Amino acid sequence: MITIAVDAMGGDNAPRPEVEGSVLAARELGVRVMLVGQPQVVKAELARHDRSGLKIEIVPASEVITMDDHPAQAFRRKKDSSVHVATRLVREAKADGLVSAGNTGAVMTVARFLVGDVGVGGSRGAGCAVSECQGRCQRDVGRWRECGFKAGASGAVRGDGGNVLRATFGSRKPRVGLLSIGEEESKGNELTREVNERLKGAHMQYVGNVEGGDLFSGNVDVIVCDGFVGNIALKICEGLAMGIFGLLKKSLKSSLMSSLALCYRRGPSRY
């Protein structure tokens, strides 16, 4: 049975979504979940759910890393945080993986120093955001700065970028594109032009530069970018989705009220 350590204290509304997701995962996927966090808080939330027959246990952690904490300082000062404890469970082979919705920089820092790199050719790990509507992942979405991005882009795309696609959608040979301001090789800044040359020499199905519209076009499976650009692109996508949902909700509500008003004016006999 696969065992997942879940940082129950990391998200904005923790531990409610973490506990709810853990219960669903244990029930639908048959995994064993170790909820890591402040016991009384997690236990109270877990009591709201039916977990009969499910493999869910609570692992105590007295401290919480917040979104405002500096990653390096949190790593040094909060040794008993839910992120630290969950990561140690992976290091000690008590869990097969770690899930956290918390401070990305802190999670990556703790994981790198307590578990280490996976050795895919990159100098450090990177974040992948998966889009189910077209079946692709975007990386990096917030971890790599320019120097690390140039040094490890090709190796890490072959490793974790491809692995995410294979695990999620079954893509054996993902098409890889580099996010830039134009498809031509001359477009972009010095960073993207240098990374473009490196990716061309890597053993992958590299299609060259792609533009922002390709985040949703389906023309590529993996879109590569540095952490700064990737995080902005991700937040734009999130804002766009919320905006469209808001417009649809407003339109549907307006249409419903108009229909009710029309029925009222016509009277019961016409209705």
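In this text, all values refer to a predicted model and were calculated from it rather than measured experimentally. (Residues numbered from 1 in each chain as written. Predicted model: local features only at pLDDT ≥ 70, side-chain atom pairs only at ≥ 80, totals over all residues. Heavy atoms only, no water.)

Student: Looking at this model, I keep getting lost on the side chain of Thr87. Mind explaining?
Tutor: Among the structural elements, Thr87 can be located in helix 4 (residues 82-91). Assessed through its relative accessible area of 1%, Thr87 is described here as buried. Within the local environment of Thr87, its side chain forms a polar contact with the backbone oxygen of Val83, the two atoms lying 2.7 Å apart. Once you skip the residues sitting within four places of it in the chain, Thr87 turns out to touch Leu98, Val110, Ala111, Leu114 and Val115. (Helix = DSSP H or I, 4+ residues; strand = E, 2+ residues; numbered from the N terminus. Buried < 20%, exposed > 50% of the residue type's maximum accessible area, 1.4 Å probe, protein only. Polar contact = N/O pair within 3.5 Å; in protein donor to acceptor, adjacent residues only side chain to side chain. Contact = heavy atoms within 4.5 Å.)

Student: So what exactly am I meant to see when it comes to helix 5 (residues 104-114) here?
Tutor: Two residues of an α-helix separated by three or four positions point the same way, owing to the 3.6 residues in each turn. When helix 5 is considered as a whole, its buried residues turn out to be Gly105, Ala106, Val107, Thr109, Val110 and Leu114. Where the residues of helix 5 are buried, they touch helix 3 (71-77), helix 4 and strand 4 (97-99). Regarding helix 5, its N-cap is Asn103, as a side-chain oxygen of that residue lies 3.2 Å from the backbone nitrogen of Gly105 further along.

Student: Even after reading the chapter, I still don't get helix 1 (residues 16-29), so can you show me in this structure?
Tutor: With 14 residues, helix 1 extends 19 Å from end C-alpha to end C-alpha; this agrees with the ideal 20 Å at 1.5 Å per step. Every buried residue of helix 1 is listed here: Glu18, Val19, Ser22, Val23 and Ala26. End-on, the buried residues of helix 1 take up no more than an arc of 135 degrees, which puts them together on one face. Turned more than 90 degrees away from the buried face of helix 1, the exposed residues are Glu28 and Leu29. If you follow the buried residues of helix 1, they end up packed against strand 1 (3-7), strand 2 (32-37), helix 2 (39-46) and strand 3 (56-60). (Expected span 1.5 Å × (residues − 1). Arc of directions from axis to C-beta.)

Student: Hey, could you run me through the packing of helix 1 against helix 2 in this one?
Tutor: If you want to describe how two helices pack, look at the angle between their axes and the distance between the axes. The N-to-C vectors of helix 1 and helix 2 enclose an angle of 55 degrees; their axes lie 9 Å apart at closest approach. Between helix 1 and helix 2, the crossing angle belongs to the class labelled oblique. The two elements helix 1 and helix 2 cross, and the hand of that crossing is right-handed. Side by side, helix 1 and helix 2 meet where Arg16, Val19 and Val23 of the first sit next to Val42, Glu45 and Leu46 of the second. Of the residues contributing to the contact of helix 1 with helix 2, the split by class is 4 nonpolar, no polar and 2 charged. (Axes fitted to C-alpha atoms, helices over the stretch in contact; angles between N-to-C directions. Parallel < 35°, antiparallel > 145°, perpendicular 65-115°, else oblique. Left-handed = near helix turned anticlockwise from the far one by under 90°. Nonpolar A, V, L, I, M, F, W, Y, C, P; charged D, E, K, R; others polar.)

Student: Just checking my understanding: could you explain the packing of aromatic side chains for this structure?
Tutor: To describe a pair of aromatic rings, you give the distance between the ring centres and the angle between the ring planes. Counted under the stated rule, the structure contains 1 aromatic pair. Lying over the aromatic face of Phe75, Lys79 brings its terminal NZ or CZ to 4.6 Å of the ring centre. (Phe/Tyr/Trp six-rings, centres within 6.5 Å; stacked < 30°, edge-to-face > 60°. Lys NZ or Arg CZ within 6 Å of the ring centre and 35° of its normal.)

Student: What should I look at first to understand the pairing of strand 2 in this one?
Tutor: Along any regular strand the residues' side chains alternate between the sheet's two faces. Counting buried residues in strand 2 gives 5 out of 6 residues, a clear majority hidden from the surface. Bridge count for strand 1 against strand 2 is 5 bridges, and the pairing is parallel. When the bridges of strand 2 are listed, Ala5 appears paired with Met34. Handedness of the crossover joining strand 1 and strand 2 through helix 1: right-handed. Summarising the sheet, strand 2 and strand 3 pair through 5 bridges and their orientation is parallel. (Pairing = 2+ DSSP bridges. Right-handed = clockwise from strand over helix to strand, strands pointing away.)

Student: Please clarify how a nonpolar patch on the surface should be interpreted in this entry.
Tutor: On the surface, Phe216, Leu240, Ile244 and Leu248 cluster together to form a nonpolar patch covering roughly 370 Å² of accessible area. Along the chain, the position of Leu240 falls in helix 8 (residues 227-266). Residue classification places Leu240 among the partly exposed residues on the basis of a relative accessible area of 45%. (Patch = residues over 30% accessible without salt bridge, like charges linked within 9 Å, V, L, I, M, F, W, Y side chains within 5 Å. Areas by Shrake-Rupley, 256 points an atom, 1.4 Å probe, with all protein chains shown as cover. Salt bridge = Lys/Arg side-chain N within 4 Å of Asp/Glu carboxyl O.)

Student: Hey, could you run me through the sheet that holds strand 1 in this one?
Tutor: Strand pairing in a sheet relies on backbone hydrogen bonds, with the paired strands running either antiparallel or parallel. Spatially, 3-2-1-4 is the arrangement adopted by the 4 strands of the open sheet, whose pairing is parallel. Two strands in the sheet have a free side with no partner beyond their single neighbour: strand 3 and strand 4. Within the sheet, the average angular offset between the axes of one strand and its neighbour, ignoring direction, is 25 degrees. Both strand 1 and strand 4 contribute to a ladder of 3 bridges, which runs parallel. Paired with Val6 across the strands is Val99, a residue of strand 4. The strands that helix 1 touches are strand 1, strand 2 and strand 3; relative to strand 2, the one it contacts most, it runs at about 165 degrees.

Student: Just to check I follow, could you spell out the packing of helix 4 against helix 5 for this structure?
Tutor: Put simply, helix 4 and helix 5 touch, their axes get as near as 10 Å, and they point 35 degrees apart. Crossing hand, helix 4 versus helix 5: right-handed. Along the contact surface, helix 4 presents Val83, His84, Thr87, Arg88 and Arg91, while helix 5 presents Ala106, Val107, Val110, Ala111 and Leu114. When its residues are assigned to classes, the contact of helix 4 with helix 5 shows 6 nonpolar, 2 polar and 2 charged.

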